[in-house]
Amino acid sequence: MSETYKIAIIGSGPAGMSAAARAAKKGISHILLEKTDHLSDTIFRYQKGKHVMATPSVLVLRAECEFDAGKREKILDQWNADTKAAGVNVKFNADVTAITGDKGDFTIQLKKGDPIKAENIVLAVGTQGNPNLMRCEGGNLPHVQYQLDDPGEYTDEHIFVIGGGDAGIENAMGLIADAGQNNTVTLVNRGADFPTAKKPNVDGLLAARDAGRISVLTETNTALVEPGWITVDTPQGQSRFKCDRIIARMGAAPPRAFVEAAGVEFSSPDRTAFPTLTPTFESTSKPGIYVIGALAGYPLIKHCMNQGYDVVEFISGNTNLEPADEPLLVEKLKGLPGKRSVAEWLEFLRSNVEILNGLSPLQMREFLLDSTVRSYKAGDPIFVRNEPGSSLFGIAEGSVNVEVDPNNAKITVPIGKSSIFGEVGLISGRKRGATIRAAEPTICVEIPRMAALKLMSQVPQARETVNRITTERQVLQIFKSGLTPADIQEVLAGSEVIEVKPGEAIIKEGDISDDLYIIRSGSMIVEKDLGGKPVFMSYVPAGSYSGEMAMIERAPRVATVKAAIRSTVVKLPADPFRKLLVRKPELAKRMTDEMRARREINAFIEEQKDEFGGAVDMYSSVANFLIKQGIGEATDVLLIDESLCVGCDNCEKACADSHDGLSRLNREAGTTFANIHVPTSCRHCEHPHCMSDCPPNAIRRGPDGEVFINETCIGCGNCQRACPYGVIQMDKPPPKKPPLWEWMLFGKGPGPGQPSYEWRKKAAKAEGGESPKLAIKCDMCSGKAGGPACVRACPTGAAIRVTPDAFLSVARLEKTG
Amino acid sequence: MTQVGGHTERVRQRTHEGFLRHKGFRWAQIATGLCVVATGVYFFVASRLAEPPSGGSWLGYLLGTASAGLIVWLACLGIRKRVITQGHYSLKAWVSAHVYLGLSLTVLATLHTGFQFGWNVHTLAYALMMLVIASGALGVWAYATLPQRLHGNRGETTRKQMLDALASLDAQMHEAAQPLDRNGAAIVRLSIEQTDLGGGFWKRLTGSYGDCANRRALQQLRALPSPGSAVQAEALTKIEGLMTQKADALALARRQMGITALLEAWLFVHIPATFALLAALIAHIVSVFAYW
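Residues numbered from 1 in each chain as written. Chains lettered and ligands numbered in written order. Predicted model: local features only at pLDDT ≥ 70, side-chain atom pairs only at ≥ 80, totals over all residues. Heavy atoms only, no water.

Let us now look at the interface of chain B and chain A. Taken together, the contacts link 46 residues of chain B with 62 residues of chain A. Counting the surface lost from both chain B and chain A, the interface buries some 4,300 Å², and carbon and sulfur atoms represent 52% of this. Seen at the junction of chain B and chain A, the total is 1 salt bridge. Glu642(A) is paired through a salt bridge with Arg154(B); the nearest N and O atoms lie 3.6 Å apart. Remark: the boundary between chain B and chain A carries 12 residue pairs in polar contact (both at pLDDT 80 or more). Taken together, the elements giving at least two residues each to the side of chain B that touches chain A come down to helix H3 (77–82), helix H4 (91–113), helix H5 (121–154) and helix H6 (159–176) of chain B. Considering every element that reaches the side of chain B that touches chain A, the biggest residue donor is H5(B), with 6 residues. Among the residues making up the side of chain B that touches chain A, the classes are represented as 15 nonpolar, 19 polar and 12 charged. (Contact = heavy atoms within 4.5 Å. Buried area = accessible area lost by both parts, 1.4 Å probe. Salt bridge = Lys/Arg side-chain N within 4 Å of Asp/Glu carboxyl O. Polar contact = N/O pair within 3.5 Å; in protein donor to acceptor, adjacent residues only side chain to side chain. Helix = DSSP H or I, 4+ residues; strand = E, 2+ residues; numbered from the N terminus. Nonpolar A, V, L, I, M, F, W, Y, C, P; charged D, E, K, R; others polar.)

Here it is as structure tokens:
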């Protein structure tokens, strides 16, 4: 048997390659095992010429291989040269099938060739390199491929694309894009529909099929692959077709089974879970196996390369290695009182802030990279009422005062050390509900929304703490009236957090129930049955309550309350609350007053219904239409009154001219109901879908509530896919246009608005240089004093921007009625 | 939920009002006031003079300067509309003022003439101004009435979708025509290759597409003798269906273009007449001062 390596690295992506290069530089005996015949298959599989970004830009790269943003080809060449120069011992075509043994004596089984012995193993296989394979006979023939680099490469071929997901459809559409290539393309799909693909892709495919440009075989499986031919099982029986090339895109699976078989445990059975690791990336369940890179939960290239470097240092016994992020943390903590070192700061915060108690030192480091530590003098405002903000604050030292009464800053509620505040904005995305000032010299850690959500998902203890405090605070904030936490403990003891699906009712008209509900996130609509038809009564945004009439009057429910979008509500039991009302007459008066106001609105609508039935029906159906369009989760939406819109597209032109020449709205597209048109334009959702999976965390909420994408965007397209309203596009800003007066006087350039594709292409060529495609969306003209340009530039007043609670208010009915 | 404090929101237009009703007819009121005052002063002055005040009197100069200033300012709408600056402005307010102050010129400029007309450059400027205002009034009518028709016609179909639908029908026709003989193929080619969607402005405005190639192709197709084979007969039936669909799609797109053309038609008078007016205005002013 051959030598035993000190380190065997499985996977030659950025992480594995970097580890191998470090090992080679240190002269440690190592072997880099790569399944394919080239390094870094994931990057290799990017389409030709793709621009690869280097984020996070603040992070210092510490690796033996160089990496900078640039074209795929350039980066791959660089890495090939670097690994060669470092003297990395690579074994290509080494497909690992199993890992056995323990630290110091591992055996790695390969598909082909002798097993390999190693003392330590670095797993850097990523999550991409595992496509599902063709299982039928002939599936291993050379004309079967699992990727498509350049659709323009093939001409005059009969090509079968297997798989009706996005990848398959996009490949197939790429192959037929240029009719001049004269390919005969067939897409084979196992099912009758395309449930996993995006709707525009499916629509495009079906349109192409109807136009006769592509054949689509549904409910079909491949039965046999032969050189030049393919045989498929269709519902009508078996058919044999001419076929020069097969592109199989049947999905990929993270290689979890393989990793678990080696003894590495994952943090949960969840599909997206990662292995549990020590601060030195070692598996907690299987010492000697180190997991780095995407498989460890770090999808960015720079992270991966740094971890490759670090893991080799750890294995070779360098436990004093200063992390690559150390200078960043030093910079971050500079100027704070206390003269603590970074490690002392981490421990100080971890032990003093309750929600951080459960974090490991490694998690703490990463957490602090995203967060900010601030110190305040007594009386300093930390945030101000009605300021937008979604970050969470933890108090590490000192205490703060919450000014609960907007009219009297003297009335305050204290929050002490180790607790948190700002959680309402975190949960609901709404503006700050109160001003908070430091009561004494105070040190707080400000945790941005994404970091806070990550924290809550990783540390159950943090999640429970935040949830408990949130409910308590929300109750206090909604009902105000000088309530203290002690007053509401009994109410809270019986409270229940409920997730509500869109359209699901929490209260049904006529029911005998008397609980009170607080809308924590999402929004509700109130409907009443009038003359056999449900009539829209009002819209209840997050941070309000519903159900007080039945609770106070002990009468059946007078209206139905159902979720406009996916929402979270807190159910408060009626009896303890009624006792609270008895104890707190001020609260009772407040609620009775609000109840009277709501009742008046209901009465007004009912009265209108009798006199102007049509107007009420219209109001109700418009409201329902808007809710269906997702306005319920919007915070600011552009609407166009089609009775005023002359179709001049000045809104689009203004948008393009105030944003690098690209319009972020499509006036014509979108849905219409009764004169109200909802164009394809961002509605700045309360919980933006686009934010859910942004690798560089580039999507933020700005000072006016706008959701915007900052300059750290890497162009991955996740947000575009996540947005259910199709308002994000991937594009590169066009070159600068000549000034307007030159266009007006001499006809130079494309004139106002987004330049045509042809002009952009020509101008970009003349200008030279490469610019990547990035995600582009409405930023509500952030930073422009005049507000959104689309509205300012509308000549007829057709374009308006509204918030749902203002627009869905009864005021509309008064106007039309 | 309406407390505001601590944070100042940027100015945002949430009011749902058209340009004619802008701010409760603010500019209509201002324009009317201006006209009433000007008329009152004019007749007050006129009652004390032997002859009515002409353009050369102090009142004439005042009215003339005001009118000329207004004309230049009104013409600036074309620039305001295209320069998207960052500050707070509302194009709707500009349009509202443009409409009402523009209409007030009919009174101000008429008073300026002192009701003296002749075959000269001065009256030419006046006539051009009235032409601009008349075409503008047509525009107001178009903007007030046509949007409903425009959007009613298209429903939720976008321009691109209309074009895509036509392209898709053509592709399907091409595919279906494969079994046809030479005559049949020529008819399909006529529809695919010769159909002209829009045409010139006049054609779009009037919607006269009597010579539409698709329409002719459909007529010729129906007049074809029964084909020899069943395959061809099937193909012909399919193509007839496709051509009828195409006729509908064409009609929708052309109606859309027709309404758009109607919305723009007045501008073809309004804009050139404005430039002519500016030229005549300069001539008018220069000649007045040159021959003083």
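Let's shift gears to the nonpolar core. Leu105(B), Met129(B) and Leu263(B) are the most contacted members of the largest nonpolar core, which totals 42 residues. For this core, the elements supplying multiple residues, two or more each, are helix H1 (22–47), helix H2 (58–75), H4, H5, helix H10 (230–265) and helix H11 (267–290) of chain B. Once residues lying within four places of it in the same chain are set aside, the contact partners of Leu263(B) are Val646(A), Ala142(B), Tyr143(B), Leu146(B) and Leu150(B). (Core = buried A, V, L, I, M, F, W, Y, C linked by side-chain atoms within 4.5 Å. Buried < 20%, exposed > 50% of the residue type's maximum accessible area, 1.4 Å probe, protein only.)

Okay, the environment of Thr113(B) next. All names here are of chain B. Mapped onto the elements of the fold, Thr113 is located in helix H4. Overall, Thr113 belongs to the buried group, its relative accessible area being 14%. Dropping the residues within four chain positions of it, Thr113 is found in contact with Gly55 and Tyr126.

Looking now at the side chain of Glu527(A). Tracing the backbone shows Glu527(A) in strand E29 (residues 523–530). Judged by its relative accessible area of 10%, Glu527(A) falls in the buried class.

All names here are of chain A. Segmenting chain A into domains produces domain 1 (4–130 + 254–315), domain 2 (144–248), domain 3 (326–480), domain 4 (490–610) and domain 5 (626–733 + 771–816). Its C-alpha centre places domain 4 at a distance of 31 Å from the equivalent point of domain 5. Listed by partner, the interface residues are 14 residues for domain 4 and 12 residues for domain 5. A per-residue breakdown of the area domain 4 buries against domain 5 is headed by Tyr539, Ile565 and Phe604, which together make up 47% of the total. For the interface between domain 4 and domain 5, the tally reads 1 residue pair in polar contact (both at pLDDT 80 or more). Secondary-structure elements contributing two or more residues to the side of domain 4 that touches domain 5 are E29, strand E30 (533–541) and helix H17 (585–611). Split by residue class, the side of domain 4 that touches domain 5 holds 10 nonpolar, 4 polar and no charged. (Domains from an automatic or database assignment.)

Turning our attention to the packing of aromatic side chains. Taken as a whole and assessed by the stated rule, the structure comprises 19 aromatic pairs over all chains. On the basis of an interplanar angle of 70° and a centroid distance of 6.4 Å, the ring pair of Trp741(A) and Phe746(A) is categorised as edge-to-face. Plain terms: the ring middles of Tyr42(B) and Phe43(B) are 5.2 Å apart, the flat faces sit at 85° to each other, and that makes the pair edge-to-face. The ring of Phe44(A) carries Arg72(A) above its face, with NZ or CZ at 5.3 Å from the centroid. Its end group placed over the ring of Tyr209(B), Arg254(B) keeps NZ or CZ at 4.0 Å from the ring centre. (Phe/Tyr/Trp six-rings, centres within 6.5 Å; stacked < 30°, edge-to-face > 60°. Lys NZ or Arg CZ within 6 Å of the ring centre and 35° of its normal.)

Here the focus is a nonpolar patch on the surface. On the surface, Trp741(A), Met744(A), Leu745(A), Phe746(A) and Ile79(B) cluster together into a nonpolar patch covering about 570 Å² of accessible area. With 4 residues, the top contributor of residues to the nonpolar patch is helix H21 (residues 740–746) of chain A. As for its placement among the helices and strands, Met744(A) is situated in helix H21. (Patch = residues over 30% accessible without salt bridge, like charges linked within 9 Å, V, L, I, M, F, W, Y side chains within 5 Å. Areas by Shrake-Rupley, 256 points an atom, 1.4 Å probe, with all protein chains shown as cover.)

What follows deals with the packing of H5(B) against H10(B). Residues and elements named next belong to chain B. Close contact between H5 and H10 brings their axes to 10 Å; oriented N to C, the two are set at 165°. In terms of axis orientation, H5 runs roughly antiparallel to H10. Relative to H10, H5 is oriented so that their crossing is left-handed. Contacts from Ala142, Tyr143, Leu146, Arg149, Leu150, Asn153 and Arg154 of H5 reach H10 at Leu252, Arg255, Gln256, Ile259, Thr260, Leu262 and Leu263. Tallied by class, residues from the contact of H5 with H10 come to 8 nonpolar, 3 polar and 3 charged. (Axes fitted to C-alpha atoms, helices over the stretch in contact; angles between N-to-C directions. Parallel < 35°, antiparallel > 145°, perpendicular 65-115°, else oblique. Left-handed = near helix turned anticlockwise from the far one by under 90°.)

Residue and element names in this part refer to chain A. Extensive coverage of strand E11 (residues 184–188) is indicated by the burial of 4 of its 5 residues. Across 5 bridges, strand E10 (residues 158–162) lies against E11 in parallel orientation. Within the sheet, the bridge partner assigned to His158 lies in E11 and is Thr184. This β-α-β element, E10 to helix H4 (residues 166–176) to E11, shows right-handed connectivity. (Pairing = 2+ DSSP bridges. Right-handed = clockwise from strand over helix to strand, strands pointing away.)

Right, let's get into the domain arrangement of chain B. You'll often see interface size given as the accessible area lost when the parts meet. Residues and elements named next belong to chain B. Annotation of chain B at the domain level lists domain 1 (22–154 + 266–290) and domain 2 (159–265). Summarising the inter-unit geometry, the C-alpha centres of domain 1 and domain 2 are found 47 Å apart. Each partner contributes residues to the interface: domain 1 has 11 residues there, and domain 2 has 11 residues. Taken together, domain 1 and domain 2 are joined by 9 residue pairs in polar contact (both at pLDDT 80 or more). Sorting the residues of the side of domain 1 that touches domain 2 by element identifies H5 and H11 as the ones contributing at least two each. For the side of domain 1 that touches domain 2, the per-class residue count stands at 8 nonpolar, 1 polar and 2 charged.

The subject of this paragraph is the sheet that holds strand E22 (residues 412–415) of chain A. Residues and elements named next belong to chain A. Strand order in this open sheet of 4 strands is E19-E24-E21-E22, and the pairing throughout is antiparallel. On the outer flanks of this sheet lie strand E19 (381–383) and E22, each paired with one strand and no other. Sheet twist, expressed as the mean angle between neighbouring strand axes with direction ignored, is 30°.

On to the sheet that holds strand E27 (residues 505–507) of chain A. Residue and element names in this part refer to chain A. On the basis of which strands lie adjacent, the open sheet formed by 4 strands has the order E27-E32-E29-E30 and antiparallel pairing. At either end of the open sheet lies a strand with only one pairing partner, and these are E27 and E30. Each strand of the sheet is rotated relative to its neighbour by a mean of 30°, with strand direction disregarded. Of the strand pairs in this sheet, E29 and E30 are connected by 8 bridges, and their pairing is antiparallel.

Turning our attention to the confidence of the model for chain B. Do not read the fine detail of predicted coordinates wherever pLDDT is low. All names here are of chain B. The share of residues in chain B with pLDDT of 70 or more is 95%, and the mean pLDDT across the chain is 88. The least confident element of chain B, judged by mean pLDDT, is helix H8 (residues 201–206) at 88; the most confident is H4 at 95. Confidence drops under pLDDT 50 across residues 1–14; counting only partners more than four residues distant or on other chains, this segment forms 45 contacts. (pLDDT = per-residue confidence, 0-100.)

All names here are of chain A. Strand E34 (residues 637–641) sits mainly inside the fold: 5 of its 5 residues count as buried. The alternating pattern of E34 places Val637, Leu639 and Asp641 on one face and Leu638 and Ile640 on the opposite face, and all of these are buried. The pairing of E34 with strand E41 (residues 799–802) spans 4 bridges and is antiparallel. Residue pairing across strands places Leu638 opposite Arg801, the latter belonging to E41.

Looking at the element boundaries, Ser544(A) is found in the loop between E30 and strand E31 (545–546). A distance of 3.1 Å separates the side chain of Ser544(A) from the backbone oxygen of Pro541(A), its partner in a polar contact.

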